[in-house]
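Working through the structure, step by step
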Amino acid sequence: MRRGKPQEPPRFDQVWRRAAGRLREAGLSFGHGASNAQDEAAWMLIHALGWPLMDSFAAFDALQERAVPPDAVARFNALIDQRIASRKPAAYLLGEAWLQGVRFIVDERVIVPRSFIAELLATGLDPWLHRSPARIADICTGSGCLAILAAMRWPDAGVLGADLAADALGVAGANVALHGVADRVRLLQSDLLDALPLPATPDQGYDLMLCNPPYVNAQSMQALPQEYRHEPELALAGGEDGMDLVRRLLRTAGAHLAPRGVLVVEIGNEREHFEAAFPGLPVAWLSTSAGDDAVFLVEAADLRSAA
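One structure accompanies this document, and this report is about it. Since the model is a prediction, treat every value here as computed from it, not as a measurement. (Residues numbered from 1 in each chain as written. Predicted model: local features only at pLDDT ≥ 70, side-chain atom pairs only at ≥ 80, totals over all residues. Heavy atoms only, no water.)

Digging into the environment of Ala218
Test applied: Secondary structure elements follow DSSP: runs of H or I no shorter than four residues count as helices, runs of E no shorter than two count as strands, and numbering proceeds from the N terminus.
Examined against the element boundaries, Ala218 turns out to sit in helix 10 (residues 218-222). In this structure, the C-alpha to C-alpha distance between Ala218 and Asp55, residues 163 residues apart in sequence, is 41 Å.

Rendered as structure tokens:
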């Protein structure tokens, strides 16, 4: 009896495109590390193969004809099945998220890292800083991603990451250890700034304070796709107009900043609500990939005057 020719393993592009089609047909929502079905399927397939993600995306065209071993196909198909059945963000299924090319550990104790502030840490804040920051605070730190990226950007700075949720700080601690910055990044459980001691002298205040707070307004919370409902509501919901925590933050942040310090806050799509809540506050809107109305900067002197 003649045996048939052994079946060759499928190519990367065949496995990837088939899975991307399944994700599109399932009507999923994206935005937790990938903005569309093709990118998410590629990320999940590279993860299933155990390849370095950033290197693989850089050489993506060259990967298309590479064979995918049967065990990797099985792992990948199981991930796709789980993604469709559960509608959990892919980051939770993979246990990782990437921000500015840096890997972070994530699970359902924290929202998936995706802050537009991360884009600004490279050079976008430099025109507003009168010196290299010596003290940095990241409020509502979640996974610790912004605190860690800030520590990487300014290696001589001391960084504080604060969050109300002890569970979130557990994930942040794992990321601090992963990136070897425990000597420069301190974590603190705090409801916004409540547990932060006031500086003994003005010069001991923070040169830079970052905050990506819960800012989704009540109406938008009701309309969130299912993927977002797997994230902690505490990290998303910002009250009726999305500004509940922003109001508290702006009332108290000035007292914690150095005389020429700055506060940078992300508010997503809530600029209209922000301007209604703070009509006289002078802020600068910073340009990001989301446009010019997702992140604002306010100087310490203006915060103190408003307070």
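On we go from here.
A look at the environment of Arg109
Quick note on the threshold: By definition in these notes, contact holds between two residues if any of their heavy atoms fall within 4.5 Å.
The topology assignment puts Arg109 in the loop between strand 2 (102-105) and helix 7 (117-120). In this structure, the C-alpha to C-alpha distance between Arg109 and Ala78, residues 31 residues apart in sequence, is 23 Å. In this view, Arg109 contacts Asp167, Ala168, Gly170, Val171 and Pro232; residues no more than four positions away in its chain are not counted.

Some remarks on the environment of Thr288
The topology assignment puts Thr288 in strand 8 (residues 284-288). Along the sequence, Thr288 and His47 sit 241 residues apart, while their C-alpha atoms lie 28 Å from each other. Apart from residues lying up to four places away in sequence, Thr288 is in contact with Phe116, Glu119, Leu120 and Val295.

Details of unusual backbone geometry
In this structure, Gln100 takes a positive phi of about 55 degrees despite not being glycine. Phi at Cys140 takes a positive value of approximately 60 degrees, unusual for a residue other than glycine.

What to know about the pairing of strand 8
Note the cut-off: Between buried and exposed lies partly exposed: a residue is buried under 20% and exposed over 50% of the maximum accessible area for its type, with that area taken using a 1.4 Å probe on protein chains only. The rule for pairing is simple: two strands pair if DSSP sees at least two bridges between them.
Of all the five residues making up strand 8, four are buried; the element is thus mostly covered by neighbouring parts of the structure. Of the pairings in the sheet, the one linking strand 8 to strand 9 (residues 291-299) comprises four bridges and is antiparallel in character. Each residue of the ladder has a partner; that of Leu286, found in strand 9, is Val295. Where strand 8 folds back onto strand 9 in an antiparallel hairpin, the turn is made up of two residues.

Let's talk about the packing of aromatic side chains
Stated formally: In this scheme Phe, Tyr and Trp rings, the latter by its six-membered ring, pair at centre separations within 6.5 Å, and the angle between planes marks the pair as stacked below 30 degrees, edge-to-face above 60, and tilted otherwise. Look at NZ for Lys and CZ for Arg. If either is within 6 Å of the ring centre and within 35 degrees of the ring normal, a charge sits over the ring.
Overall, the coordinates contain nine aromatic pairs when judged by the stated rule. Plain terms: the ring middles of Trp16 and Phe60 are 5.0 Å apart, the flat faces sit at 90 degrees to each other, and that makes the pair edge-to-face. Here Trp16 is found in helix 1 (residues 12-25), whereas its partner Phe60 is found in helix 4 (residues 60-63), with 44 residues between them in sequence. The pair Trp16 / Phe60 is uniform in exposure class, with both members buried. Each member of the aromatic cluster is reached from another via a ring pair, and the members are Phe12, Trp16, Trp51, Phe57 and Phe60. Here Arg66 stacks its cationic end above the ring of Trp51, 4.3 Å away from the centre of that ring.

A closer look at the packing of helix 1 against helix 2 (residues 37-49)
Worth spelling out the cut-off: To get an axis, fit a line to the C-alpha atoms, keeping to the stretch in contact for a helix; angles then go from 0 to 180 degrees between the N-to-C directions. Each angle is binned into one of four classes, with values under 35 degrees roughly parallel, values over 145 roughly antiparallel, values of 65 to 115 roughly perpendicular, and all other values oblique. Note on convention: near helix rotated counterclockwise from far helix by under a right angle means a left-handed crossing. Clockwise means right-handed. In the scheme used here, Gly and all other residues not listed as nonpolar or charged are polar, with Ala, Val, Leu, Ile, Met, Phe, Trp, Tyr, Cys and Pro taken as nonpolar and Asp, Glu, Lys and Arg as charged.
As a packed pair, helix 1 and helix 2 sit with axes 8 Å apart at the nearest point and diverge in direction by 130 degrees. For the element pair helix 1 / helix 2, the angle class is oblique. The two elements helix 1 and helix 2 meet at a crossing, and its hand is right-handed. Contacts from Phe12, Val15, Trp16, Ala19, Ala20, Leu23 and Arg24 of helix 1 reach helix 2 at Ala37, Gln38, Glu40, Ala41, Ala42, Leu45, Ile46 and Leu49. For the contact of helix 1 with helix 2, the per-class residue count stands at twelve nonpolar, one polar and two charged.

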